[in-house]
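Residue strings, one per chain:
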There are 2 protein chains.
Amino acid sequence: MTPTILDGAAYAAEIRQDVAQQVRALRAGGRDVCLAAVLVGSDPAGRQYAGSQARQCEQVGISYRLVERPADISQDALLAILDELNADPTVTGVMLHMPLPAHIDAAIAQWRIDPYKDVEGVNPANIGLLFYGEPIIAPCTALAVNELIRRSGFVAEGRNAVVVGQSRIVGKPITMFLLAQNATVTACHKLTRDLPAHTNQADLLVVGVGIPRFINAEHVRRGAVVIDVGINSVVERGPDGVEQRRTVGDVYFERVAPLCAAITPVPGGVGPLTVAMLLRNTVEAARKQGSMAR
Amino acid sequence: MTPTILDGAAYAAEIRQDVAQQVRALRAGGRDVCLAAVLVGSDPAGRQYAGSQARQCEQVGISYRLVERPADISQDALLAILDELNADPTVTGVMLHMPLPAHIDAAIAQWRIDPYKDVEGVNPANIGLLFYGEPIIAPCTALAVNELIRRSGFVAEGRNAVVVGQSRIVGKPITMFLLAQNATVTACHKLTRDLPAHTNQADLLVVGVGIPRFINAEHVRRGAVVIDVGINSVVERGPDGVEQRRTVGDVYFERVAPLCAAITPVPGGVGPLTVAMLLRNTVEAARKQGSMAR
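Residues numbered from 1 in each chain as written. Chains lettered and ligands numbered in written order. Predicted model: local features only at pLDDT ≥ 70, side-chain atom pairs only at ≥ 80, totals over all residues.

S.K.: Sorry if this is basic, but what is going on with the overall build of chain A here?
M.R.: On a plain count of helices and strands, chain A comes out with 10 helices and 11 strands. Expected size for 294 residues packed as a compact globule is a radius of gyration near 19 Å; at 20 Å, chain A falls within 12% of this value. Projecting the C-alpha coordinates of chain A onto the three principal axes gives extents of approximately 55 × 45 × 35 Å. When contacts within chain A are restricted to residue pairs at least 6 apart in sequence, those whose partners lie at least 24 apart make up 68%. (Helix = DSSP H or I, 4+ residues; strand = E, 2+ residues; numbered from the N terminus. Rg over C-alpha atoms; globule rule 2.2 N^0.38 Å. Contact = placed C-beta atoms within 7 Å.)

Quick look at the structure:
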């Protein structure tokens, strides 16, 4: 079986084009799209990610405002910043970079973001609405997975979907998303007994566990669609015997791909599409704010 | 196999006693527990339910305030009432009777209830927090199912749980609840193909579909714990040939019970416990409001 390789990078490019067009249209109507990102602490990785985000926003015409605060900021002061951004009519989207320092309750902070500006879709109210099947804004990774499924031609309704890994930001939202599409969904995780018995029932297998090549051929039913959310860095010897760093997924691609109808590569699958979904959420949040009497 | 019959009515009586004691303790500390219920339209069934609710509250010492409005109330006027109740410090719990007239968006109205006063646990923010595994207040039916599971001695962690029926107020919250307990959860519904293949893997089977005796012996694995959320009224001939009205569950009790380790009866299982959980949520909401600086 020659699987369809789901090219997340190419789909992301299309979505960025579409977002850029929508931003231009909004701007022509006198509305700006502005994402404010709050970064607490001067973690170099966080800075780097924020820098990449700024460039991505710039590419599609979204104004980007980075609000940096030191790691010792109090929770109340952070909440006050979020309140200001919520109230600021020139800000149409708000996101909070993770991780936060240990003295801040991340759930309380995320909850403070106005659900209509919550471009990551992580506010409990948005999660609750996703659960109710009517999200205002859905979590980016779940949207990315969903877009890949859609582009594979797979129709989830009535099919068996198995989601391996039940983290708050990946597995659980994806489980809800698939349930909203009327798949029969089995949610597996590290306490699941006899994982292959479950995954071998899967017409659609979504994996986000953070373990390199965790899913092997024994886990996969022939003809399945496999979406790999994992992004793991491993060091291994190449054919020339030299050690090199590689990025691999949670799925053992070389062994699983021959069994699949469609599969995502890592890198180049879910990752780039997740970033594109943040941009799409940002422009959609701006449109919704513009179109409603609030 | 002689199953344990999970006596919801008896457990509910224990919970009511415990709630009554907590209400007395709060009152001794100068805090009243008051549930305000909003009933829109003069539907006799709704009135009857509200009356039963008032009696139940009275029994455990919870003050009950029924706010009745005509069916033609505007959505804005209804939201204004909820805002008033949210702001009223003498009201510690708020609930909205369903169904609402068609011109009112039920999701928007439920969302308006302060998550700390939302004693039914239906506000999207509470659902989102349940999803995150940290509910302030969880939905009553899911709590009732959970209590029955706990009393059966079943430990969900790592076990296979199958939830048949994925309604917003029953199946979906229960699915989330079991996931928060680290069960491997399969969510089934009317579009599921080959239902028995799924249900026969279930160590725990929860059913809420609203179809009399939908689950039969062929669906159930020997030794399973079965929780029946259905309450259906059927008319059938008794042994004497006379037609009579009976209340039956979604599980064919007589045929399924002999296979089970434990099972809920209908009536007398989930139903009475759901009402008791509303009372418990009401007193817990009052306690949380008293204990926090808001």
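Structure's up, so let's keep going.
S.K.: Would you explain the sheet that holds strand 11 (residues 262-263) of chain A in this entry?
M.R.: Adjacent strands of a sheet pair through backbone hydrogen bonds, lying either parallel or antiparallel. Within the open sheet, the 12 strands sit side by side as 1(A)-11(A)-8(A)-7(A)-5(A)-6(A)-6(B)-5(B)-7(B)-8(B)-11(B)-1(B). Their pairing is mixed. Strands at the two margins of the open sheet, each flanked by one partner only, are strand 1 (4-5) of chain A together with strand 1 (4-5) of chain B. Direction of pairing for strand 5 (residues 160-164) of chain A relative to strand 6 (residues 184-188) of chain A: parallel, over a ladder of five bridges. Bridged to Asn160 of chain A within strand 6 of chain A is Thr184 of chain A. (Pairing = 2+ DSSP bridges.)

S.K.: Help me understand unusual backbone geometry in this model?
M.R.: Phi is mostly negative for residues that are not glycine, and the peptide bonds are mostly trans. Look at the link from Val266 of chain A to Pro267 of chain A: it is a cis peptide, with omega at 0°. Here Pro267 of chain A shows up in the loop between strand 11 and helix 10 (270-291). Notably, Asp194 of chain A is not glycine yet its phi reads approximately 55°, a positive angle. As for its position among the elements, Asp194 of chain A is in the loop between strand 6 and helix 8 (195-199). For Asn182 of chain B, which is not glycine, the phi torsion reads 65° and is therefore positive.

S.K.: What should I look at first to understand the pairing of strand 9 (residues 232-237) of chain B in this one?
M.R.: On a regular strand, each side chain points to the face opposite its neighbour's, so the side chains alternate between the two faces of the sheet. All names here are of chain B. Along strand 9, only zero of the six residues are buried, which leaves the element largely exposed. As defined by bridge partners, strand 9 adjoins strand 10 (residues 243-248) across six bridges and the pair is classed as antiparallel. Directly across from Ser233, in strand 10, lies its bridge partner Thr247. From the end of strand 9 to the start of strand 10, which pair antiparallel, there are five residues, and Gly241 there has a positive phi angle of about 80°. (Buried ≥ 20, exposed ≤ 12 C-beta atoms within 10 Å, placed from the backbone.)

S.K.: Honestly, the relation of the copies chain A and chain B in this entry has me stumped. Any pointers?
M.R.: One copy of the chain maps onto the second through a rotation around an axis plus a translation along that axis. Rotating chain A by 180° and translating it 0.0 Å along the rotation axis places it on chain B, where the RMSD comes to 0.0 Å. A rotation of that kind, with that shift, is consistent with a two-fold axis. Comparing interface residues between copies, 100% of those in chain A also sit at the interface in chain B, which points to an isologous, same-surface contact. (Least-squares fit on C-alpha atoms with pLDDT ≥ 70 in both.)

S.K.: Even after reading the chapter, I still don't get the packing of helix 6 (residues 140-152) of chain B against helix 7 (residues 171-180) of chain B, so can you show me in this structure?
M.R.: Packed helix pairs are characterised by how far apart their axes lie and by the angle those axes make with each other. Residue and element names in this part refer to chain B. Packing of helix 6 against helix 7 brings their axes to within 8 Å, and their N-to-C directions diverge by 50°. On the basis of the axis angle, helix 6 is oblique to helix 7. By crossing handedness, the relation of helix 6 to helix 7 is classed as right-handed. For the pair formed by helix 6 and helix 7, the contact residues are Thr141, Ala142, Val145 and Asn146 on the first element and Pro173, Ile174 and Phe177 on the second. Residue composition of the contact of helix 6 with helix 7, by class: five nonpolar, two polar and no charged. (Axes fitted to C-alpha atoms, helices over the stretch in contact; angles between N-to-C directions. Parallel < 35°, antiparallel > 145°, perpendicular 65-115°, else oblique. Left-handed = near helix turned anticlockwise from the far one by under 90°. Nonpolar A, V, L, I, M, F, W, Y, C, P; charged D, E, K, R; others polar.)

S.K.: When you look at the sheet that holds strand 3 (residues 63-69) of chain B in this model, what are you seeing that I'm missing?
M.R.: Residue and element names in this part refer to chain B. Strand order in the open sheet made by the three strands is 3-2-4, with parallel pairing throughout. For this open sheet the edge positions go to strand 3 and strand 4 (93-96), each flanked by a neighbour on one side alone. Neighbour-to-neighbour, the strand axes of this sheet turn through a mean angle of 20°, independent of strand direction. Of the strand pairs in this sheet, strand 2 (residues 34-40) and strand 4 are connected by four bridges, and their pairing is parallel.

S.K.: Sorry, what's going on with helix 2 (residues 44-60) of chain A here?
M.R.: Each turn of an α-helix holds 3.6 residues, which means side chains three or four residues apart point in the same direction. Residues and elements named next belong to chain A. Over its 17 residues, helix 2 extends 25 Å from the first C-alpha to the last, a length consistent with the 24 Å expected when each residue adds 1.5 Å. When we look at burial in helix 2, the residues that qualify are Gln53, Cys57 and Val60. The buried residues of helix 2 all sit within an arc of 65° when viewed along its axis, so they share a single face. For helix 2, the exposed residues set more than 90 degrees away from the buried face come down to Pro44, Gln48, Gly51, Ser52, Arg55, Glu58 and Gln59. One or two residues past the end of helix 2 sits Gly61, with phi positive at roughly 85°. (Expected span 1.5 Å × (residues − 1). Arc of directions from axis to C-beta.)

S.K.: In this structure, what is going on with the environment of Cys140 of chain A? I would like to understand it.
M.R.: Residue and element names in this part refer to chain A. Residue position: Cys140 is located in helix 6 (residues 140-152). Linking Cys140 and Gly121, residues 19 residues apart in sequence, is a C-alpha distance of 7.0 Å. Contact partners of Cys140, with chain neighbours within four places excluded, come to Glu120, Gly121, Thr274, Met277, Leu278 and Asn281.

S.K.: Where do I start with the interface of chain A and chain B in this structure?
M.R.: When the parts of a complex come together, some accessible area is lost, and that lost area is often used as the size of the interface. Between chain A and chain B, the residue contacts involve 27 residues of the former and 27 residues of the latter. Of all elements in the fold, only helix 5 (124-131), helix 7 (171-180) and strand 6 of chain A reach the threshold of two or more residues within the side of chain A that touches chain B. The element contributing the most residues to the side of chain A that touches chain B is helix 5 of chain A, with seven residues. Of the residues contributing to the side of chain A that touches chain B, the split by class is 12 nonpolar, 10 polar and five charged. Two elements, strand 6 of chain A and strand 6 (residues 184-188) of chain B, share three bridges in a ladder whose sense is antiparallel. If you follow Thr186 of chain A over to strand 6 of chain B, its bridge partner there is Thr186 of chain B.

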